[in-house]
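What the coordinates show
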Amino acid sequence: MKRRDFLKLSAGASLALAGLRLRSEGLFRKAYAAEAGGEELPGSLGAKEVPSVCEMCFWRCPIVAKVKHGKVVKIEGNPKSPTNGRGDKARVCARGNSGVKLLYDPDRVLHPLKRVGERGEGKFVKISWDEALDEVAYNLKKVKEKYGPHAIAYFDHGASAEALREVFKALGTENYSNEPAFFQCVGPVAVAYISSLGYLTSGTMQYTDMANAKAMLLVGSHIGENVHVSHVMSFVDGLSKGAKLVVVDPRFSVAAGKADLWLPIRPGTDTALLLAWINYVIEHDLYDKEFVSKYCEGFEILKKKVKGWTLEKAARICDLPKDKIEEAIKILAAARPHVLIHPGRHSAWYGKGDVYRHQALAILAALFGSVGTPGGLYFPTHVPLAPVSCVREIKPRSSDTPLKEKYPFSGPIPGSPTHEIIKATLTGKPYPIKAWGICGVNILQTIPNPYQTMEAIKKLDFIFSFEILPTETALWSDIVLPDTVYLERYDDVYVYDGLPECYVTVRQPAVEPLGEARTPLWVAKQLAHRLGFEIFFTENETDIINDKLRALNVTLKDLQEQGGIITLPAKGAYDRENFRNVFGEKGFKVNLAVEDFEDEDFSPVPVFEPTPAPPKGFARLIYGRVPVHTFSRTMNNEWLHHEWPENHAWINDEVAAKLGIKDGDEIVFENQDGKRSLPVKAKVTPGIRPDCIFLPHGFGSLSQKLRRAYRKGASDQFLITHYVQDPFMGASSHRTSFVRIVKDGKVLDIPELRPLPPEIPRFKLAAAGMMGGQCEKMMKKKKHHKRMTIEGC
Ligand code: SF4
């Protein structure tokens, strides 16, 4: 990055607590008596306990895996965790419990596979690791020799991906894409907060003191649906202590259900609302003058630029009552500085304007003086770990890699924007991309316009995946390498550097890998060797862990003996004077107007860039999470599938009445490019705006090899075929596709119940869908492609 340059605690956790109570009440007395006598104890009693770190989502909760007869039988929260509840209050969420069922999923990929049918058809034969690795190395070498290093691309996500990324870097390509973590998620919020506040507080680094907030603002953030245990606990703690809550969301989310004020905003107008609030705060002297004069730069520029943003104007654009907008800002201002303006996480919504939205949130927090403050945003503690890499040498990168050049804030760490890689693969411009490696991510269920992605894959000479499950993307691969589940391997040392206490922990194996699954380091080393790069200096993961821990004067053994967690005091959470920004500069400073943006021809202060409204007859497709699933990754999990096997589509009750749709009716969606969804049941509710349809994300798998998840519910991703790339860093939008309803074979136009203000243009149907249209024709021609498409396409 250039500067200048919930509430639903898991059934399992409850059962764990219940178990402890029963134990103390003596109901298991017989079983415990048996502990001495050697009789088999029931359930997980008497199991070996292995502390580790959950990877059922990215939040990394400390866990204890219980192992009996060589099998993981239960997963619980680590009782030493300062964040997930200590002792018998240690918690994991439903997904955390269900890691057992990922480990023993009968559909797991457990052997190297080679494609024998067409790409996407799902026909593979088992091959040996030697054959598989030779084939991958041969093809990567061949592409590099013929087209250059930049012709190789890598899509990665999660802990597994890191070792293999070093191999791609050594090949000389910068075309690796941290996807979906950056380019489909936190890219805009990262640019906004680092540029404004000098540090990032989003993703896994969420320095939000909700537990001590007197008021909180959530803009499109679905805490309680996107369950991350410690985050939800902090949120609930704050609410239970009386914090007021304002939720801005087109949908009555779980969080909205807890709010003092829910503002069902017109999608795409959040920045208009925030600009009006900023102006109101300045004009009504509701800002923290001492904080602004001491820490902020650019106040006068900001003041001038937001002038004119009245509450009336925002009310009209945002389709909200003016008095409610005013009530909300008064609630927030009254709590300053102990007000938590939540930065959110997933921010790649509309392409244009996403950075400005998050910049406006950061500015509002600064005006309230709620940065480096209890109940607001706080600063992370610096926890020293030795700067250790597992690689000895990385070859110089190709200089001919301009894919990110047009995005001045697309930093070197996350690589190249996902859609730039896909477009170059399709068009051969600015140069051909001919080989893809994929690790830890099902790109067909995470990147907008999967039809375009499939078209790109068809152009490749070679594609391989390193995967746990036979996802859609794995079915499109030439070689599939079996990855380990997190319960089968060591990963990195993990640091939690927030409140109330910091800790250091490590992911470690509870059991040996099943089948022929191999660890990421083993695979990366084998591949590197075949490619002629002896870049890995370490024999095993534990060497790296011990090297990293050395700075703390502890070893892996110490950590293991201390229950898998070493706690450290949090320091400097509110210390603005000694704060160091991400560039290492000491002292806290807020840029209310960002010069770096201006230098790159962007506005230094947030501006409202309206996103086109739905075309006539369509509603905007919005999506979100359900608390028991992590995207498409957990849909095949037996326990989680049992809890939530398919999604329902939220439809406004007035719209449904006009269309004759009743709750539970089976419907299909058709998007602006004519793409149709699988059938899904309607959830008719007043809890969503009439111009929106909501689909929980991750359902509707199209991989016939995922036997539980296959065709259960409808995939929002396969309806998101129109995207806009963020001009700052190239992230691609997810809320710029539109749908109408098909019922009993009849296409139903969605009535427009909320007229548009003149400031908001309407989406032009003809402008979108070129790739989708081409793909559709091809799919009709080829039988095997029908397996990877959706009814009606
Ligand atoms: S929030 Fe749940 S799934 Fe995510 S890491 Fe924690 S226990 Fe695991």
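Focus: the site of the ligand
What surrounds the ligand is a group of 13 residues, the closest being Cys54, Cys57, Arg60, Cys61 and Cys93. Counted by class, the shell around the ligand contains nine nonpolar, two polar and two charged residues.

Points about the packing of aromatic side chains
For the structure shown, the criterion picks out 31 aromatic pairs. The interplanar angle of 90 degrees and the centroid separation of 6.0 Å between the aromatic rings of tryptophan 349 and tyrosine 350 together place this pair among those described as edge-to-face. Relative accessible area serves as the criterion here: at 3%, tryptophan 349 is assigned to the buried category. Look at phenylalanine 462 and phenylalanine 464: their rings are 6.1 Å apart centre to centre, the planes differ by 25 degrees, and that puts the pair in the stacked class. The pair phenylalanine 462 / phenylalanine 464 is uniform in exposure class, with both members buried. Note that lysine 71 overlies the ring of tyrosine 104, its terminal NZ or CZ placed 4.4 Å from the centroid. The positively charged end of lysine 289 is found above the aromatic ring belonging to tyrosine 287, 5.0 Å away from the centroid.

Considering the nonpolar core
Counting residues in each nonpolar core, the largest one holds 109 residues, and the members touching the most others are Leu217, Trp277, Leu364 and Leu367. With eleven residues, the single largest contributor to this core is helix H7 (residues 182-197). Not counting residues up to four positions away in its chain, the partners in contact with leucine 217 are Val246, Val248, Trp277, Leu332, Leu340, Ile341, His342, Leu361 and Leu364. Formed by 38 residues, the second largest nonpolar core is a distinct cluster that contains Ala163, Ala170, Val391 and Ile535.

A word on unusual backbone geometry
Note the cis peptide between arginine 336 and proline 337, where omega equals 5 degrees. Note that proline 337 resides in the loop between helix H13 (322-334) and strand S12 (339-341). Each neighbour pair has its own omega, and for lysine 429 with proline 430 the value is 5 degrees, a cis peptide bond. Checked against the element boundaries, proline 430 lands in the loop between helix H15 (418-427) and strand S13 (435-439). Within the chain, aspartate 285 stands out as a residue other than glycine whose phi angle is a positive 55 degrees. On the secondary structure map, aspartate 285 appears in the loop between helix H9 (270-283) and helix H10 (289-295). For asparagine 553, which is not a glycine, the phi torsion comes out positive at approximately 60 degrees. Mapped onto the fold, asparagine 553 is located in the loop between helix H19 (541-549) and helix H20 (556-561).

Brief notes about the sheet that holds strand S17 (residues 501-506)
With antiparallel pairing, the three strands of this open sheet are ordered in space as S16-S17-S18. On the outer flanks of this sheet lie strand S16 (493-496) and strand S18 (565-569), each paired with one strand and no other. Each adjacent strand pair in this sheet contributes to an overall mean axis angle of 20 degrees, direction not counted. Sheet analysis places S16 next to S17, joined by four bridges and oriented antiparallel. Each residue of the ladder has a partner; that of tyrosine 496, found in S17, is tyrosine 503.

Focus on the environment of glutamate 225
With respect to the secondary-structure elements, glutamate 225 resides in the loop between strand S8 (215-219) and helix H8 (229-240). If we ignore the near neighbours within four places in the chain, the residues touching glutamate 225 are Arg251, Ser253, Val254, Arg625, Val626 and Pro627. A distance of 2.6 Å separates a polar atom in the side chain of glutamate 225 from a polar atom in the side chain of arginine 251.

Remarks on the confidence of the model for the protein chain
Detailed reading of predicted coordinates is not advised where the pLDDT is low. Residues of the protein chain with pLDDT of at least 70 account for 89%, and the chain-wide mean is 90. Counted against residues more than four places away or in other chains, residues 1-36, with its pLDDT under 50, gives 59 contacts. Note on residues 768-793: pLDDT is under 50 here. Beyond four places in sequence and across chains, it has 62 contacts.

Describing helix H16 (residues 450-458)
Since one α-helical turn is 3.6 residues long, residues separated by three or four positions face the same way. Of all nine residues in H16, eight are buried, a share of seventy percent or more. Of all the residues in H16, the buried ones are Pro450, Tyr451, Gln452, Thr453, Met454, Glu455, Ala456 and Ile457.

Looking at H15
Most of H15 is tucked away: eight of the ten residues are buried. Among all positions of H15, only Thr418, His419, Glu420, Ile421, Ile422, Ala424, Thr425 and Leu426 are buried. Looking one or two residues beyond H15, the residue adopting positive phi is glycine 428, at roughly 80 degrees.

Describing the packing of H9 against helix H14 (residues 354-367)
Think of two packed helices as two axes; the pair is described by the angle between the axes and how far apart they sit. Running from amino to carboxyl end, H9 crosses H14 at an angle of 25 degrees, the nearest separation of the two axes being 9 Å. Viewed along their axes, H9 and H14 adopt a mutual orientation that is roughly parallel. Where H9 crosses over H14, the handedness of that crossing is left-handed. Here Asp270, Thr271, Leu274, Trp277, Ile278, Val281 and Ile282 of H9 come into contact with H14, specifically with Tyr356, Arg357, Ala360, Leu361, Ile363, Leu364 and Leu367. Split into classes, the residues belonging to the contact of H9 with H14 amount to eleven nonpolar, one polar and two charged.

Observations regarding the sheet that holds strand S3 (residues 71-77)
The three strands lie next to each other as S1-S2-S3, forming an open sheet whose pairing is antiparallel. Both edges of this open sheet fall to strand S1 (48-53) and S3, since each of them pairs with a single strand only. In this sheet, adjacent strand axes meet at a mean angle of 30 degrees when their direction is disregarded. Taken together, the six bridges between S1 and strand S2 (residues 62-68) define a ladder with antiparallel strand orientation. Its bridge partner being in S2, valine 50 is matched across the sheet by alanine 65.

What counts as what
Residues numbered from 1 in each chain as written. Predicted model: local features only at pLDDT ≥ 70, side-chain atom pairs only at ≥ 80, totals over all residues. Heavy atoms only, no water. Near = heavy atom within 4 Å. Nonpolar A, V, L, I, M, F, W, Y, C, P; charged D, E, K, R; others polar. Phe/Tyr/Trp six-rings, centres within 6.5 Å; stacked < 30°, edge-to-face > 60°. Buried < 20%, exposed > 50% of the residue type's maximum accessible area, 1.4 Å probe, protein only. Lys NZ or Arg CZ within 6 Å of the ring centre and 35° of its normal. Core = buried A, V, L, I, M, F, W, Y, C linked by side-chain atoms within 4.5 Å. Helix = DSSP H or I, 4+ residues; strand = E, 2+ residues; numbered from the N terminus. Contact = heavy atoms within 4.5 Å. Pairing = 2+ DSSP bridges. Axes fitted to C-alpha atoms, helices over the stretch in contact; angles between N-to-C directions. Polar contact = N/O pair within 3.5 Å; in protein donor to acceptor, adjacent residues only side chain to side chain. pLDDT = per-residue confidence, 0-100. Parallel < 35°, antiparallel > 145°, perpendicular 65-115°, else oblique. Left-handed = near helix turned anticlockwise from the far one by under 90°.

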